Amino acid sequence: RDAAAYPRWYGHDHVAPELLTEFVYGLPELFRPSLGSARLVAAPGCYPTAAALALTPLVRAGVIEASGVIVDAASGVSGAGRKLSHTTHFNTADEDFTAYGLLNHRHTPEIEQASGAQVLFTPHLAPMNRGILATCYARPATEIHTDDVLEILRDAYAGEAFVVVSDRSPSTKATLGSNCAHLTARVDPRTGWVVSLCALDNLVKGASGQAVQCANIALGLPETTGLSTIGVYP
């Protein structure tokens, strides 16, 4: 929402700063109340969606420190779009795993705005067609245990058709073709870190599916219209 931040993170000025106050951030599970009357919706992509879903309930509950949060996330090649580039050629991406956008990736301020946390965000390109897995690390703000953070996530997403909170470690393939995000969390008493993870399909919940979900809400349609809640695997 800060037009002054665009040159630093995007390399150019915002082309329509007068519209910033009119746009609603289109992540329904976290900002649904403002979507019903929205005329303009900015639907977030895969990295901000996965990180925000994993972190925001914990920040809002005050159980993790809102500074010094680490977000390590890996995306499939389709996350780069369909344009031709050396880094996304099969012979380049296959059998390789690389980090990019070190310290200055443009999704950083969006993740911070959505989650309410200051983050060090490092994206990675994984040798797979689609899917994203975000692993987020934060320091606890109070004494807390794994059952507590899982309960916070479950309460935050209770009744949400497109978020599954489980004890299981999330898998990108389990979200394939669906508009669902799969989450879990842990508290490590040995190191003192809180770990929250989210997997989703970067072409659905992290892209077009999210836009359809937002459109359904804005148009007064059932939110799940045209969207699958079940991945094709297993």
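All values reported here derive from a predicted model rather than from experimental measurement.

Trainee: Just checking my understanding: could you explain the pattern of salt bridges for this structure?
Mentor: Side chains that carry opposite charge are capable of pairing whenever their charged atoms lie near each other. This structure, assessed with the given rule, holds 6 salt bridges. The shortest N-O distance in the salt bridge between Glu22 and Arg39 comes to 2.6 Å. Highlighted residues: Glu22 in the loop between helix 1 (6-10) and strand 1 (23-25) and Arg39 in the loop between helix 2 (28-31) and strand 2 (40-42), separated in sequence by 17 residues. Its relative accessible area of 36% is what places Glu22 among the partly exposed residues.

Trainee: Would you mind going over the sheet that holds strand 7 (residues 163-165) with me for this structure?
Mentor: Adjacent strands of a sheet form backbone hydrogen bonds with each other and so pair up, either parallel or antiparallel. The strand order 4-5-3-6-9-8-7 describes an open sheet built from 7 strands, whose pairing is mixed. Each edge of the open sheet is held by one strand with a lone partner, namely strand 4 (98-99) and strand 7. In the sheet, strand 4 pairs with strand 5 (residues 119-125) via 2 bridges, with the strands oriented antiparallel. Within the sheet, the bridge partner assigned to Thr98 lies in strand 5 and is Leu125.

Trainee: So what exactly am I meant to see when it comes to the packing of helix 3 (residues 46-60) against helix 6 (residues 146-156) here?
Mentor: The description of two helices packed together rests on the angle between their axes and the distance between the axes. In the contact formed by helix 3 and helix 6, the axes pass within 9 Å of each other and the chain directions differ by 105°. In terms of orientation, helix 3 and helix 6 fall into the roughly perpendicular class. Judged by residue contacts, Leu53, Ala54, Pro57 and Leu58 of helix 3 engage Val149, Ile152, Leu153 and Ala156 from helix 6. The residue inventory of the contact of helix 3 with helix 6, partitioned by class, reads 8 nonpolar, no polar and no charged.

Trainee: How should I be thinking about the environment of Gly177 in this particular structure?
Mentor: With respect to the secondary-structure elements, Gly177 resides in the loop between strand 7 and strand 8 (181-187). Taking the C-alpha atoms as reference points, Gly177 and Asp94, 83 residues apart in sequence, are found 22 Å from one another. Discounting chain neighbours no more than four positions away, the residues touching Gly177 are Arg130, Asp201, Val204 and Ser228.

Trainee: Looking at this structure, I do not really get helix 5 (residues 108-115). What am I missing?
Mentor: What sets the pattern is the α-helix's 3.6 residues per turn: residues three or four places apart point alike. Within helix 5, the full set of buried residues consists of Thr108, Glu110, Ile111, Ala114 and Ser115. Projected down its long axis, helix 5 carries its buried residues within an arc of 165°, all on one side. Of the surrounding elements, those touching the buried residues of helix 5 are helix 1, strand 1, helix 2, helix 3 and strand 5. Of the residues trailing helix 5, Gly116 is marked for its positive phi of about 80°.

Trainee: Looking at this model, I keep getting lost on the packing of helix 3 against helix 5. Mind explaining?
Mentor: Between helix 3 and helix 5, the least distance of the axes is 8 Å, while the angle of their chain directions is 30°. Seen along the crossing, helix 3 lies across helix 5 with a hand that is right-handed. Residues Tyr47, Pro48, Ala51, Ala52, Leu55, Thr56 and Val59 of helix 3 form the contact with helix 5, whose participating residues are Glu110, Ile111, Ala114 and Ser115. Considered class by class, the residues forming the contact of helix 3 with helix 5 number 8 nonpolar, 2 polar and 1 charged.

Trainee: I tried to follow the packing of aromatic side chains on my own but got confused; where do I start?
Mentor: Between two aromatic rings, the relevant description is the distance of the centres plus the angle of the planes. Applying the stated rule across the entire model yields 4 aromatic pairs. Plain terms: the ring middles of Tyr25 and Phe31 are 5.7 Å apart, the flat faces sit at 85° to each other, and that makes the pair edge-to-face. By relative accessible area, Tyr25 is classed as buried at 12%. Seen from their ring centres, Tyr137 and Trp193 are 6.5 Å apart, and the 85° between their planes marks the pair as edge-to-face. Residue Tyr137 is found in strand 6 (residues 132-138), and its partner Trp193 is found in the loop between strand 8 and strand 9 (194-200); the two are separated by 56 residues along the sequence. For Tyr137, a relative accessible area of 29% gives the class partly exposed. Just above the ring of Phe31 sits the side chain of Arg60; from NZ or CZ to the centre is 5.5 Å. The lysine or arginine in question, Arg139, covers the ring of Trp193, its NZ or CZ lying 3.9 Å from the ring centre.

Trainee: Would you mind going over unusual backbone geometry with me for this structure?
Mentor: Glycine aside, residues mostly have negative phi, and peptide bonds are mostly found in the trans state. A positive phi is found at Leu103, a non-glycine position, where the angle reads about 70°. Note on placement: Leu103 falls in the loop between strand 4 and helix 5. Its relative accessible area of 67% is what places Leu103 among the exposed residues.

Trainee: I keep staring at the environment of Ile144 and nothing clicks. Help me out?
Mentor: Its location among the elements puts Ile144 in the loop between strand 6 and helix 6. Through-space distance from the C-alpha of Ile144 to that of Val187 is 7.3 Å; in sequence the pair is 43 residues apart. In this view, Ile144 contacts Val63, Val149, Ile152, Val187 and Val194; residues no more than four positions away in its chain are not counted.

Reading the values: the criteria
- Residues numbered from 1 in each chain as written.
- Predicted model: local features only at pLDDT ≥ 70, side-chain atom pairs only at ≥ 80, totals over all residues.
- Heavy atoms only, no water.
- Salt bridge = Lys/Arg side-chain N within 4 Å of Asp/Glu carboxyl O.
- Helix = DSSP H or I, 4+ residues; strand = E, 2+ residues; numbered from the N terminus.
- Buried < 20%, exposed > 50% of the residue type's maximum accessible area, 1.4 Å probe, protein only.
- Pairing = 2+ DSSP bridges.
- Axes fitted to C-alpha atoms, helices over the stretch in contact; angles between N-to-C directions.
- Parallel < 35°, antiparallel > 145°, perpendicular 65-115°, else oblique.
- Contact = heavy atoms within 4.5 Å.
- Nonpolar A, V, L, I, M, F, W, Y, C, P; charged D, E, K, R; others polar.
- Arc of directions from axis to C-beta.
- Left-handed = near helix turned anticlockwise from the far one by under 90°.
- Phe/Tyr/Trp six-rings, centres within 6.5 Å; stacked < 30°, edge-to-face > 60°.
- Lys NZ or Arg CZ within 6 Å of the ring centre and 35° of its normal.

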